[in-house]
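Okay, here's what each chain looks like letter by letter:
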Amino acid sequence: MAFFIVFEGGDGSGKTTQVRNLYSRIRRRQTPVRVVHEPGSTVLGESIRRLLSARRKTGSSLPPIVPEAELFLFEASRAQLVGEVIRPSLRQGTSVICDRYVYSTVAYQGYGRNLEARLIKQLNEAATGGLHPDLVVYLDVPPEAALQRKTETTDMGRFEKEELAFHQRVRRGYMEQAAAEPHRWFVVDALLPTAQVSRLIWERVEGLIKDRM
């Protein structure tokens, strides 16, 4: 039976590496699985991703995107991804690993941008049709450490440029969501060695797989 796993975490938490590692482990079991990311993984989603990152790539030639518009862009990408990719894959028996989902919007646009929680909840439900993951893997890392990782490895993107207080609010948003749904969330200390983080995640996912057999 197919399962739906979401990875969440602040910028610099190591999500990309851990998504790739989990995908490889599941593939070795000859289990159908695919990886998607938000925003993106559809033609519309990739267009929105480019739009959201355009200001970083072109300097100050584009006006800033207001928080409300940013929210709707993420929701549009999500609606397309769920309808075009995630739901069809799950129906066909292919498990899905998603790099970011509704929880990012709650954390970044809700706690980070201070947009209304009720509006975000309504839009998330509308965009997903109420589709919830079987497991949310949250890679927790203090914002100070995460931002240091990003500045050492790549250019600063849309959210990395925000002040430290923004990232602290985002982290609080994640932790409060995790506390509200402990049965669904698996919180991992992302400051642990990469191999250890991968092992902890696999132990949790392997249990999920066995429960579905």
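All of these numbers come straight from a predicted model, not from anything done at the bench.

1. Section: the overall build of the protein chain
So, point 1. Broken down by element type, the protein chain carries eight helices and five strands.
So, point 2. Taken across its 213 residues, the protein chain has 47% of its residues classed as buried.
So, point 3. Sequence separation of at least 24 residues holds for 78% of the intrachain contacts in the protein chain that already meet a minimum separation of 6.

2. Here's the deal with helix α5 (residues 117–128)
So, point 1. Between its terminal C-alpha atoms α5 stretches 16 Å, which fits the 16 Å expected from 12 residues at 1.5 Å a residue.
So, point 2. Among the residues of α5, those classed as buried are I120, L123, N124, A127 and T128. Looking straight down α5, one finds that the buried residues subtend no more than 115° of arc, so they occupy a single side. More than 90 degrees from the buried face of α5, the exposed residues found are R118, K121 and A126.

3. Describing the packing of aromatic side chains
So, point 1. Counting across every chain of the model gives eight aromatic pairs.
So, point 2. An angle of 65° between the planes, with centres 6.0 Å apart, marks the rings of Y138 and W185 as edge-to-face. Pair noted here: Y138 is in strand β4 (residues 135–140) and W185 is in strand β5 (residues 185–189), with a separation of 47 residues, a long-range link.
So, point 3. An aromatic cluster is built from F4, Y101, Y103, Y108, Y138, F166, Y174 and W185, whose rings are joined through pairwise contacts.
So, point 4. Here the guanidinium or amino end of R78 rests over the ring plane of Y101, the centre of that ring lying 6.0 Å away.

Calculation rules
- Residues numbered from 1 in each chain as written.
- Predicted model: local features only at pLDDT ≥ 70, side-chain atom pairs only at ≥ 80, totals over all residues.
- Heavy atoms only, no water.
- Helix = DSSP H or I, 4+ residues; strand = E, 2+ residues; numbered from the N terminus.
- Buried < 20%, exposed > 50% of the residue type's maximum accessible area, 1.4 Å probe, protein only.
- Contact = heavy atoms within 4.5 Å.
- Expected span 1.5 Å × (residues − 1).
- Arc of directions from axis to C-beta.
- Phe/Tyr/Trp six-rings, centres within 6.5 Å; stacked < 30°, edge-to-face > 60°.
- Lys NZ or Arg CZ within 6 Å of the ring centre and 35° of its normal.

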